[in-house]
4 protein chains.
Amino acid sequence: MQIGMIGLGRMGSNMVRRLLKAGHQCVVYNQDPGPIRDLEKEGAIGAGSLSDFLGKLERPRAVWLMVPAAVVDTLLDEIVGLAHAGDILIDGGNSYYRDDIRRSEKLKKSGFHYVDVGTSGGVWGLERGYCLMIGGEKETVQRLDPIFSALAPGLGTIPRTPGRPKPGSTAEQGYLHCGPNGAGHFVKMVHNGIEYGLMAAYAEGFNILKNANAGLKQHEQDAETAPMQDGEFYRYDLDLGEISELWRRGSVVASWLLDLTAAALGEDPKLSAFSGRVSDSGEGRWTALAAIDEGVPAPVISAALFGRFASQGGGEFENKLLSAMRKEFGGHDEKKGGH
Amino acid sequence: MQIGMIGLGRMGSNMVRRLLKAGHQCVVYNQDPGPIRDLEKEGAIGAGSLSDFLGKLERPRAVWLMVPAAVVDTLLDEIVGLAHAGDILIDGGNSYYRDDIRRSEKLKKSGFHYVDVGTSGGVWGLERGYCLMIGGEKETVQRLDPIFSALAPGLGTIPRTPGRPKPGSTAEQGYLHCGPNGAGHFVKMVHNGIEYGLMAAYAEGFNILKNANAGLKQHEQDAETAPMQDGEFYRYDLDLGEISELWRRGSVVASWLLDLTAAALGEDPKLSAFSGRVSDSGEGRWTALAAIDEGVPAPVISAALFGRFASQGGGEFENKLLSAMRKEFGGHDEKKGGH
Amino acid sequence: MQIGMIGLGRMGSNMVRRLLKAGHQCVVYNQDPGPIRDLEKEGAIGAGSLSDFLGKLERPRAVWLMVPAAVVDTLLDEIVGLAHAGDILIDGGNSYYRDDIRRSEKLKKSGFHYVDVGTSGGVWGLERGYCLMIGGEKETVQRLDPIFSALAPGLGTIPRTPGRPKPGSTAEQGYLHCGPNGAGHFVKMVHNGIEYGLMAAYAEGFNILKNANAGLKQHEQDAETAPMQDGEFYRYDLDLGEISELWRRGSVVASWLLDLTAAALGEDPKLSAFSGRVSDSGEGRWTALAAIDEGVPAPVISAALFGRFASQGGGEFENKLLSAMRKEFGGHDEKKGGH
Amino acid sequence: MQIGMIGLGRMGSNMVRRLLKAGHQCVVYNQDPGPIRDLEKEGAIGAGSLSDFLGKLERPRAVWLMVPAAVVDTLLDEIVGLAHAGDILIDGGNSYYRDDIRRSEKLKKSGFHYVDVGTSGGVWGLERGYCLMIGGEKETVQRLDPIFSALAPGLGTIPRTPGRPKPGSTAEQGYLHCGPNGAGHFVKMVHNGIEYGLMAAYAEGFNILKNANAGLKQHEQDAETAPMQDGEFYRYDLDLGEISELWRRGSVVASWLLDLTAAALGEDPKLSAFSGRVSDSGEGRWTALAAIDEGVPAPVISAALFGRFASQGGGEFENKLLSAMRKEFGGHDEKKGGH
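What counts, and where the lines are drawn
Residues numbered from 1 in each chain as written. Chains lettered and ligands numbered in written order. Predicted model: local features only at pLDDT ≥ 70, side-chain atom pairs only at ≥ 80, totals over all residues. Heavy atoms only, no water. Buried < 20%, exposed > 50% of the residue type's maximum accessible area, 1.4 Å probe, protein only. Helix = DSSP H or I, 4+ residues; strand = E, 2+ residues; numbered from the N terminus. Pairing = 2+ DSSP bridges. Right-handed = clockwise from strand over helix to strand, strands pointing away. Arc of directions from axis to C-beta. Core = buried A, V, L, I, M, F, W, Y, C linked by side-chain atoms within 4.5 Å. Contact = heavy atoms within 4.5 Å. Phe/Tyr/Trp six-rings, centres within 6.5 Å; stacked < 30°, edge-to-face > 60°. Lys NZ or Arg CZ within 6 Å of the ring centre and 35° of its normal. Axes fitted to C-alpha atoms, helices over the stretch in contact; angles between N-to-C directions. Buried area = accessible area lost by both parts, 1.4 Å probe. Salt bridge = Lys/Arg side-chain N within 4 Å of Asp/Glu carboxyl O. Polar contact = N/O pair within 3.5 Å; in protein donor to acceptor, adjacent residues only side chain to side chain. Nonpolar A, V, L, I, M, F, W, Y, C, P; charged D, E, K, R; others polar. Least-squares fit on C-alpha atoms with pLDDT ≥ 70 in both. Expected span 1.5 Å × (residues − 1). Domains from an automatic or database assignment.

### Concerning the pairing of strand β2 (residues 25-29) of chain A
Residue and element names in this part refer to chain A.
Okay, step 1: Most of β2 sits inside the fold, with 4 of its 5 residues counted as buried.
Okay, step 2: Relative to β2, strand β1 (residues 2-6) runs parallel, the two sharing 5 bridges. Counted as the bridge partner of Gly-4 is Val-27 from β2.
Okay, step 3: In this fold, the crossover linking β1 to β2 by way of helix α1 (residues 10-21) has right-handed handedness.
Okay, step 4: Alignment of β2 against strand β3 (residues 45-46), held across 2 bridges, turns out to be parallel. Opposite Val-28, over in β3, you have Gly-46 as the bridge partner.

Next comes the structure, spelled out in structure tokens:
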């Protein structure tokens, strides 16, 4: 079928490529015309402006937005001014699900159909396919099924879960209509929250392995340094690259994130290209907020989130205050220097 | 080659089966003779007593213990009384790595070689192979290579990590000599610690998804209940079984633990067979202890561990004291009833 | 000066009493007339209706609301319909500071002055005085100074902080103009967040003391129970009531919350009147949300919050899923029974 | 009565002063003779060597050690070689309680009595008195009662807990016989663990207050920075010094640690003298270990501990690995620069 794609960054361009490969017609538009030219060579239909873009799409149109969350509202307003009732507008980016609820209600009043799609796959999606978490009206989502099906990974070589396939379910193809508007990005949000927790679990574990040689190091002996407990049990120089590779096969902790970890550690076990400032991009925060709103405990996901904040320097004043208190009650001067 | 296996529980018996399939000769012994009979039918050589068992093994013997950690020391003492210098004794169970260090030093004095093997694979090992984390002297470990190689999963269908294979490395076959004695169980311990963190990340995420309908529920309104914040954003009835299946393909959180989660949730999305008392079996505790000894932060793994303690009732008095304090300063009576 | 108080629950009534004692004139109103009668006997001027109440107050009026957060908006609407521009409306309850910002902007348009006051003191305020955290316009707050001064504890017997008093500061009297509207409840919110963390620190510590006899207990030995590590070091039967009393004098952890803990544990060291379901009333949640919005780590406060959620049953499904995963990969049946 | 004190650092010297003031005879010894001279001027009896020290003490001797935990064992060995059965040896420093158990068993065989005393009070003890947590045999502890009573704060101006005094209890005097050997340092250990949690709760809260102006700051807008959520609600410039002073009176979070915080923040609200590297000195670690051994949750105390490890740089590799994973799956380059 025909689909229009706005936003030809790494994600958007690769999604167009995957759709073209599956035989779909793609009309593409982007602020910077460079990626339009590239995709035209691969079979896409380029557009020179938003109105040109909309003009090249048959009605009712299907328009997929793959742009930064911050510009979605503005872009939707522009599109609504040029498009027609009955058109489908799809936000495949990283929007907060609450924005989906608001937008869908507003767009519905003008006769537009809105679909929110949480898209996982990153730089690997072109090859592996994109895992799609979809929110919206049933009919609209069904109309887009050929698009979702082409973007998604499909069954692939991944073994079937016992009891599968379920009649009518697309889950094992790697895409799913999760519920009404917002449900797609809600599920994607929690997906990313879990991702934070998983990443932190591996990171802590490998850090413990890396410091398994702590008993071999010279330790300072002063009142401001806790003595190394049981140093004779920490005399291992472990090869993290080899261990990450090992666990990929037959262990309980095997995962795609571990595959990536093995690749990173295999290349440079010291990870010297990195400084350790870990960004966060919103979904982890929203997941923690959701847990709090729901009144359910999420200590692991929030510990992972707070670890990132600390790596960004957000805990600096906390730590200064702790040193200040120690000085007040114990006369302890702050120790200089590292771990 | 020939190997003796003591301890024919689910793990030990299946490991013998995998070794027999690979053409190795297995002499087997167990307290309860039932499993011996079963394995004899499949080609193993049964033994009627420990001395019979040792007598049937050629010297220098290779004896693999697959017994509860609590009985290893006693059993080793018995074996040492009957075996001979030069024999290899392998502990493939869940020993604390510090016990390995102690045992290996003691056994070395009598001329025995000791190898510690952390074994991951659970009930799936027969089919998938066992991921083996090995500690001991280089020569001894090399002598056992055919055994490790047969038990391990091998390359299988798992894609190679870029830059692999590394010359001389067995990691991508699923077994690895990690370091001197204790290193095998140390790496296995951290593996399990990571496992705790991963499991908790999924569990929290799915719990947030399950409670995405919190805004649809009737909430009590009293001074002892925090009002539901933003209830209009929590109106999703999500299908956890479908979502867990979905994420298995193309998502960042795909993993073997997710495969298992999809199987469990697919069978019963309410998990009504379980009460929610989560056991812990030592390794998570030891991992947290190691982080503390090393002076490295492990908030995620320890939060996962403490969550299990709480599920076992270990926090009961803490919570009573919190209620008591609230009563003291605010006159708050404890609210009865659940979530 | 004259002030009107609406809402004569435990907090409101006691505040009126404290104001009367300081010589202020108090006009009081309440839905249920009972408390009005009581306070009339102590010198307050009762009102039979909201309009009667407002009629008895001189203009520009000062009206203090001490009602549940959920009814503040409705009540303010009613008052605005009957009162006059220039009147001061004070919310002394537990409102979310964001509601203060919204309300103050709206009321300003009609010429009203709005003040938000976070009030700490609980059932002890009558005797000890109320710690007041105030947000609003400078002039309005200053006009109310006699009221705040009467409600606050004053210097009392608490030793002065070095460098005090600061000219013009009321902080050491126990009340403070913290900033523009919302600042009062913001500071109160964080106060309560800290309170959650402090309470949890004590609760964990006393729980560790209580379980210092763990090595004396019979422990089950099965594959589903982690063996008691180092049981010989946990043979103390400690008297928690005595220890809490002890720490009140000269220790680093002395505090008012510890005073209350000593009272509770002194009365019943087993706290058998409590079941351990710990309520939360909003401020802890909001504090965690603020930390997340600000991008600063708050692992301790959020761990305390999540502990309460767990005590309320919010983690039930998480735990079931953990048990289900353990069953899937290890064939572990869930263990029944307690700690 | 007469007592000997070895170790005349800040703690030991001040304890001697407090004992002298109470009329006790103090024989003092120290490696560096400087403090001996000082205390002689104040009435103590100085000793020139360990044997001189022991010779000046009447038998059965009472010898109090106030030396670094690392040298206690060596010193005890020397003393035992020179002293006599029936003498009492007191360790008032920061020993691990497990060392007390070991030492007391060993010393008992030679006829010595051993007492472990956890001492809280820091630089303030001379003035406020020392809170003493005592472990040992009943008779020995009773014999030392005059010493403990003189060191402890006594009732002071702190209000009595309802139901007090308890007959025969010294708790409200600020010292307590907690149990057999090790119990004193065990209770002190948990005291310090609680202290970690309390300190972190305050530090987090004040950090949230400090960042209440986050919405006023310019925020970078790029894919690696989570957008500031609800920035319009974070426009407060709060005076932390004033707020810490405010809470000292009538609030639920009043405590001695808050008194110290108010002093520190009053002097320099930016705490610019500190870098934020927070030391830990062992007891926090041991408290967390105890919780794990006992199987009870301690998420708050351990989060506080792990925060210190992170401030010391212990999480550096964890964070590098997180950045590396993000690069692998999302092509995210690490962002440079601070909070």
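### Overview of helix α2 (residues 34-41) of chain C
Okay, step 1: Along α2(C), the residues that are buried comprise Pro35(C), Ile36(C) and Leu39(C). Taken down its axis, α2(C) places every buried residue within 105° of arc, on the same side.

### Overview of the nonpolar core
Okay, step 1: Core analysis: the biggest nonpolar cluster contains 261 residues, and Trp247(A), Trp247(B), Trp247(C) and Trp247(D) have the highest contact counts within it.
Okay, step 2: With residues up to four places along the chain from it excluded, the contact list for Trp247(A) reads Phe206(A), Leu209(A), Val253(A), Ala254(A), Leu258(A), Cys131(B), Met133(B), Val187(B), Val190(B), His191(B) and Ile194(B).

### Let's talk about unusual backbone geometry
Residue and element names in this part refer to chain C.
Okay, step 1: Residue Pro-60 is bonded to the preceding Arg-59 through a cis peptide linkage, with omega at -5°.
Okay, step 2: For Pro-60, the position within the fold is in the loop between α3 (50-55) and β4 (62-65).
Okay, step 3: For the bond running from Arg-164 to Pro-165, omega is -10°, close enough to zero to count as cis.
Okay, step 4: Along the chain, the position of Pro-165 falls in the loop between α8 (145-151) and β8 (175-179).

### Overview of the packing of aromatic side chains
Okay, step 1: All told, the structure shown has 56 aromatic pairs over all chains when counted by the stated rule.
Okay, step 2: Centroid distance Tyr97(A) to Phe233(B): 6.4 Å. Interplanar angle 90°. Geometry classified as edge-to-face. Here Tyr97(A), found in helix α5 (residues 97-109), pairs with Phe233(B), found in the loop between α9 (183-210) and α10 (240-247), and the two come from separate chains. Here Tyr97(A) matches Phe233(B) in class, with each residue buried.
Okay, step 3: Relative to Phe148(C), the ring of Trp64(C) has its centre 6.1 Å away and its plane inclined at 65°; by these criteria the two rings are edge-to-face. Of this pair, Trp64(C) sits in strand β4 while Phe148(C) sits in helix α8, and the two are 84 residues apart along the sequence.
Okay, step 4: Through pairs of rings, three or more aromatic residues link up here, namely Tyr96(A), Tyr97(A), Phe186(A), Trp286(A), Phe233(B), Tyr234(B) and Tyr236(B).
Okay, step 5: A cation over an aromatic ring shows up here: Lys210(B) above the ring of Phe317(C), its NZ or CZ 4.7 Å from the ring centre.

### So, the sheet that holds β4(C)
All names here are of chain C.
Okay, step 1: With mixed pairing, 8 strands are arranged side by side in an open sheet as β3-β2-β1-β4-β5-β6-β7-β8. With one partner strand each, in any of the chains shown, β3 (45-46) and β8 form the two edges of the open sheet.
Okay, step 2: Relative to β8, strand β7 (residues 131-135) runs parallel, the two being bridged by 4 bridges. Counterpart to Ile-134 in the pairing with β8 is His-177.
Okay, step 3: Of the strands in this sheet, β1 (2-6), β2 (25-29), β4 and β6 (113-120) are in contact with helix α1 (residues 10-21), which crosses β1 at around 165°.
Okay, step 4: Packed on one face of the sheet, helix α9 (residues 183-210) meets β5 (88-91), β6, β7 and β8 and runs near 15° to β6.

### A closer look at the environment of Ile301(A)
Okay, step 1: If you trace the backbone, Ile301(A) turns up in helix α13 (residues 299-311).
Okay, step 2: Taking the C-alpha atoms as reference, Ile301(A) lies 9.8 Å from Val190(A); in sequence the two are 111 residues apart.
Okay, step 3: Not counting the four nearest positions on each side in its chain, Ile301(A) is found in contact with Gly193(A), Ile194(A), Thr287(A), Ala201(B), Glu204(B) and Gly205(B).

### Brief notes about the interface of chain D and chain C
Okay, step 1: Contacts between the two partners involve 93 residues from chain D and, on the opposite side, 93 residues from chain C.
Okay, step 2: Interface of chain D and chain C: buried area, both sides summed, is about 7900 Å²; carbon and sulfur atoms make up 66% of it.
Okay, step 3: A per-residue breakdown of the area chain D buries against chain C is headed by Tyr236(D), Arg249(D) and Val252(D), which together make up 10% of the total.
Okay, step 4: Residue Asp230(C) pairs with Arg98(D) through a salt bridge whose shortest N-O separation is 3.0 Å.
Okay, step 5: Linking chain D with chain C are 40 residue pairs in polar contact (both at pLDDT 80 or more).
Okay, step 6: Going through the elements one at a time, α5 (97-109), β7 (131-135), β8 (175-179), α9 (183-210), α10 (240-246), α11 (256-267), α12 (283-294) and α13 (299-311) of chain D are the ones with two or more residues in the side of chain D that touches chain C.
Okay, step 7: For the side of chain D that touches chain C, the leading source of residues is α9(D), giving 18 residues.
Okay, step 8: Taken together, the residues that form the side of chain D that touches chain C break down as 54 nonpolar, 24 polar and 15 charged.

### Details of the relation of the copies chain D and chain C
Okay, step 1: Note on the identical chains: chain D maps onto chain C by a rotation of 180° and an axial translation of 0.0 Å, with an RMSD of 0.0 Å. The operation mapping one copy onto its partner corresponds to a two-fold rotation axis. Relative to the rotation axis, the C-alpha of Ser255(D) is the closest in chain D, positioned 1.9 Å from it.
Okay, step 2: Comparing interface residues between copies, 100% of those in chain D also sit at the interface in chain C, which points to an isologous, same-surface contact.

### Overview of α9(B)
Okay, step 1: Taking 1.5 Å as the rise per residue, α9(B) with 28 residues should run 40 Å; its terminal C-alpha atoms sit 40 Å apart, in good agreement.
Okay, step 2: Counting buried residues in α9(B) gives 27 out of 28 residues, a clear majority hidden from the surface.

### Observations regarding the relation of the copies chain C and chain B
The operation linking the two copies of the chain is a rotation about an axis combined with a translation along the axis.
Okay, step 1: Superposition record for chain C on chain B: RMSD 0.0 Å, screw rotation 180°, translation along axis 0.0 Å.
Okay, step 2: Residue by residue, 100% of the interface of chain C is reproduced at the interface of chain B, so both copies engage with the same surface.

### Here we look at the pattern of salt bridges
Residue and element names in this part refer to chain C.
Okay, step 1: Counted by the stated rule, this structure contains 85 salt bridges over all chains.
Okay, step 2: With its nearest N and O atoms 3.0 Å apart, the salt bridge here joins Asp-73 to Arg-103. Separated by 30 residues along the polypeptide, Asp-73 in helix α4 (residues 72-82) and Arg-103 in helix α5 (residues 97-109) bring together distant segments of the chain.
Okay, step 3: Residue Arg-103 is classed as buried on the basis of its relative accessible area, which comes to 4%.

### Re the interface of chain C and chain B
Okay, step 1: Taken together, the contacts link 72 residues of chain C with 72 residues of chain B.
Okay, step 2: Of the roughly 6100 Å² buried at the junction of chain C and chain B (both faces included), carbon and sulfur atoms supply 62%.
Okay, step 3: Taken together, the links from chain C to chain B amount to 0 salt bridges.
Okay, step 4: Taken together, chain C and chain B are joined by 18 residue pairs in polar contact (both at pLDDT 80 or more).
Okay, step 5: Those elements that place two or more of their residues in the side of chain C that touches chain B are α9, α11 (256-267), α12 (283-294), α13 (299-311) and α14 (316-330) of chain C.
Okay, step 6: A per-element tally of the side of chain C that touches chain B places α14(C) first, with 14 residues.

### A few points about the domain arrangement of chain A
Residue and element names in this part refer to chain A.
Okay, step 1: Entries for chain A in the domain assignment read domain 1 (2-157 + 167-179) and domain 2 (188-238 + 275-330).
Okay, step 2: Approximately 660 Å² of surface area, both sides summed, lies buried where domain 1 meets domain 2, with 62% of it carried by carbon and sulfur atoms.
Okay, step 3: On the domain 1 side of the interface with domain 2, the three residues burying the most area are Asn-94, Tyr-96 and Met-133, jointly 60% of the side's total.
Okay, step 4: A salt bridge links Asp-293 to Arg-98; its shortest N-O distance comes to 2.9 Å.
Okay, step 5: There are 3 residue pairs in polar contact (both at pLDDT 80 or more) connecting domain 1 and domain 2.
Okay, step 6: The set of elements that each furnish at least two residues to the side of domain 1 that touches domain 2 consists of α5 and β6 (113-120).
Okay, step 7: Per element, the largest residue contribution to the side of domain 1 that touches domain 2 is 3 residues, and it comes from β6.
Okay, step 8: Tallied by class, residues from the side of domain 1 that touches domain 2 come to 3 nonpolar, 5 polar and 1 charged.

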